Amino acid sequence: MVVEAERAGWRDDPVRFVKEWLGGTPWEKQRRILEALRDHDYVAVRSCNGSGKTYIAAHAVIWWLMCYDDAVVITTAPTERQVSEMLWREIRAIHRDNAELIGGRITTTRLDLAERRFAFGFSTNVEERFQGFHQGHILFVVDEASGVEAKIFDAIEGSMTSRHAKMLLIGNPNSLSGVFYDAFHKERAFWKTIHISAFDTPGLQDGGEESDHSESVPDGLMTAQWVARAKKRWGEKSPRYQVRVLGEFPKKMTDTLIPLDLIEAAVARDPGHFPDLDIDGEPPIMGLDIARYGNDRSVACVRRGPVVVEMSVFPSADTMATTGFALDFARKHNVARIYVDEVGVGAGVLDRMRELREFETIGINGGHRAREPKNFLNLRAEFFSHLRDRFQTGDIAINDDPELISELATLNYTFTSKGQMQLEDKQKLKSRGNPSPDKADALMLAFTPQPKNPLMMWII
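This text gives an overview of the structure that appears in the document. Bear in mind the structure is a predicted one, so any value in this text is a computation, not a measurement.

1. Some words on the overall build of the protein
Along the backbone of the protein there are 17 helices and 15 strands. Since a compact globule built from 460 residues should have a radius of gyration of about 23 Å, the 25 Å found for the protein is in line with a globular shape. With the principal axes as the frame, the protein shows a C-alpha extent of 75 × 50 × 45 Å. Counting the 460 residues in the protein, one finds 54% classified as buried. At a minimum sequence separation of 6, the contacts of the protein that also span at least 24 residues come to 67%. By element, 47% of the accessible surface of the protein is carried by carbon and sulfur atoms, the whole surface being about 21100 Å². Positive and negative side-chain charges of the protein, numbering 58 and 67 respectively, have mean locations separated by a distance of 4 Å.

Okay, structure coming up:
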């Protein structure tokens, strides 16, 4: 008989439970999924084909049922076939191999361990099926989440009000809209996100496409031979290659300023990525985006060379208090220069900082004429274009900040009739359900490009 102390150990260490009790063999990213589910209520996993995401989701279902006396798991996918022949085939296999430990009675898409301990699966065609679950420890597992309609997620969200509810989304990133897409973009701050590329999987980790040892790759996982064929058939820039091999959302949204894969690559970098640059010897530069009250926030960002050192959010306050917060942060990092958003209330902060003369302080009005007016509508568009260039060339490293990532990934742009690039208006951005990009603006200000003529510094 399982005792509570044993259950507590399983809850604390799902990886060990899967390995030692179920005989599973999770690899690195699969272990991260289990740990994320232990530590977070909302977990989203986008991946390539053959990553073993369904395999580990099935183990997560059993782990959840074995950890609590009142555990409920509801699994779903766009079609009945995907429910019964993918996730539940894995669940049935785990139960078959561990029937004595797990116990209960299993059918094609249902596992009953006790009256208040059970799991079942069905397709997503009727949203009412997902309503009414509010008691106990509840886990929702949504397979192939890109294909699930918003109304289903709305129904699931009604049960997420329980204090012991969690949701796991897994799938290929096929769609450029919907809840799954938003979990990695504008809603990213609310989700623990995990990305699995083919080159993260065991068969390709040790050298890319030439490293295939098919006989040693676990069944169902990606092989280097398949990746090589996909590259030849589709091409690296094709949407199919991006989705099925790289686990990336397809790059069809031509109005996205900075693609998510470039943002995540910048998160993965650290100072060691720039061996020819003395990061510690670089003068710290600070960007300061100012807000007064309401939902917008004042944000300061400090960088050394291409590396973001720290980002800080200040509480809503009057001009003098905001100045005080900003100066304290600047002193902490001994910055050499501060670029301040001087639009609106920012002008007062700028004036006070210049009056104190403690730091070199430069005001930036994003609405002013661009330095290259033929190419950009205003300075904000021009400076964000320069920031995008850094992401494209790999000349930037940022913190793993879900809010910053979300803000950067939802910036859109277009062109005027004169061919000038312009960023989406903030009000339109908010009308799409996105917050003001305060952190993104602070980052842009910190990376303000130096003018070709230094005398222009003080008149921009």
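What follows continues from the structure just given.
2. Focus on the packing of helix H15 (residues 402-409) against helix H17 (residues 438-446)
Where H15 contacts H17, the axes come no closer than 7 Å and their chain directions differ by 85°. Relative to H17, the element H15 is oriented roughly perpendicular. The segment H15 lies against H17, with Glu 403, Leu 404, Glu 407 and Leu 408 engaging Asp 438, Lys 439, Ala 440 and Leu 443. In terms of residue class, the contact of H15 with H17 is built from four nonpolar, no polar and four charged.

3. Topic: the pattern of salt bridges
Across all of its chains, the model carries 24 salt bridges by this definition. Note that Arg 38 and Asp 39 form a salt bridge whose closest N and O atoms lie 2.8 Å from each other. Asp 441 is the salt-bridge partner of Arg 380, the closest N and O atoms lying 2.9 Å from each other. Of the two residues, Arg 380 is situated in helix H14 (residues 379-393) and Asp 441 in helix H17; the sequence distance between them amounts to 61 residues. Each of the two residues, Arg 380 as well as Asp 441, counts as buried. Salt bridges sharing common partners tie together Arg 297, Asp 401, Glu 403, Glu 407, Asp 438 and Lys 439.

4. Structural notes on a positive patch on the surface
There is a patch of like positive charges on the surface, built from Arg 229, Arg 233, Arg 240 and Arg 244. At the level of elements, helix H9 (224-234) and helix H10 (239-244) are the ones that each hand at least two residues to the positive patch. Looking at where Arg 233 falls in the secondary structure, it is placed in helix H9.

5. Some remarks on the sheet that holds strand E6 (residues 137-142)
Read across the open sheet, the eight strands follow the order E3-E4-E5-E2-E6-E7-E1-E8; overall the sheet is mixed. The open sheet has two free edges, formed respectively by strand E3 (105-106) and strand E8 (192-196), since each of these has just one partner strand. As defined by bridge partners, strand E2 (residues 71-77) adjoins strand E5 (residues 117-123) across six bridges and the pair is classed as parallel. Within the sheet, the bridge partner assigned to Val 73 lies in E5 and is Ala 119. Set on the sheet, helix H5 (residues 80-97) makes contact with E2, E3, strand E4 (110-114), E5 and E6; between it and E5 the angle comes to about 150°.

6. Observations regarding the sheet that holds strand E12 (residues 337-341)
Pairing is mixed across the open sheet formed by five strands, whose spatial order is E11-E10-E9-E12-E13. Bordering the open sheet on either side are strand E11 (307-314) and strand E13 (360-364), each of which pairs with just one other strand. Taking the axes of each pair of neighbouring strands and ignoring which way they run, one obtains an average angle of 20° across the sheet. In this structure, E12 lies alongside E13, joined through five bridges in parallel fashion. Note on E13: the bridge partner recorded for Tyr 339 is Ile 362. Each of strand E9 (284-289), strand E10 (298-304), E11 and E12 is contacted by helix H12 (residues 319-333), which is oriented at about 155° to E11, the strand it contacts most. Relative to E13, helix H13 (residues 346-356) is tilted by about 160°, and along the sheet it contacts E9, E12 and E13.

Procedures and definitions
Residues numbered from 1 in each chain as written. Predicted model: local features only at pLDDT ≥ 70, side-chain atom pairs only at ≥ 80, totals over all residues. Heavy atoms only, no water. Helix = DSSP H or I, 4+ residues; strand = E, 2+ residues; numbered from the N terminus. Rg over C-alpha atoms; globule rule 2.2 N^0.38 Å. Buried < 20%, exposed > 50% of the residue type's maximum accessible area, 1.4 Å probe, protein only. Contact = heavy atoms within 4.5 Å. Areas by Shrake-Rupley, 256 points an atom, 1.4 Å probe, with all protein chains shown as cover. Lys, Arg positive; Asp, Glu negative; His and termini not counted. Charge placed at Lys NZ, Arg CZ, Asp CG, Glu CD. Axes fitted to C-alpha atoms, helices over the stretch in contact; angles between N-to-C directions. Parallel < 35°, antiparallel > 145°, perpendicular 65-115°, else oblique. Nonpolar A, V, L, I, M, F, W, Y, C, P; charged D, E, K, R; others polar. Salt bridge = Lys/Arg side-chain N within 4 Å of Asp/Glu carboxyl O. Patch = residues over 30% accessible without salt bridge, like charges linked within 9 Å, V, L, I, M, F, W, Y side chains within 5 Å. Pairing = 2+ DSSP bridges.

Geometric values such as these leave the question of function open.
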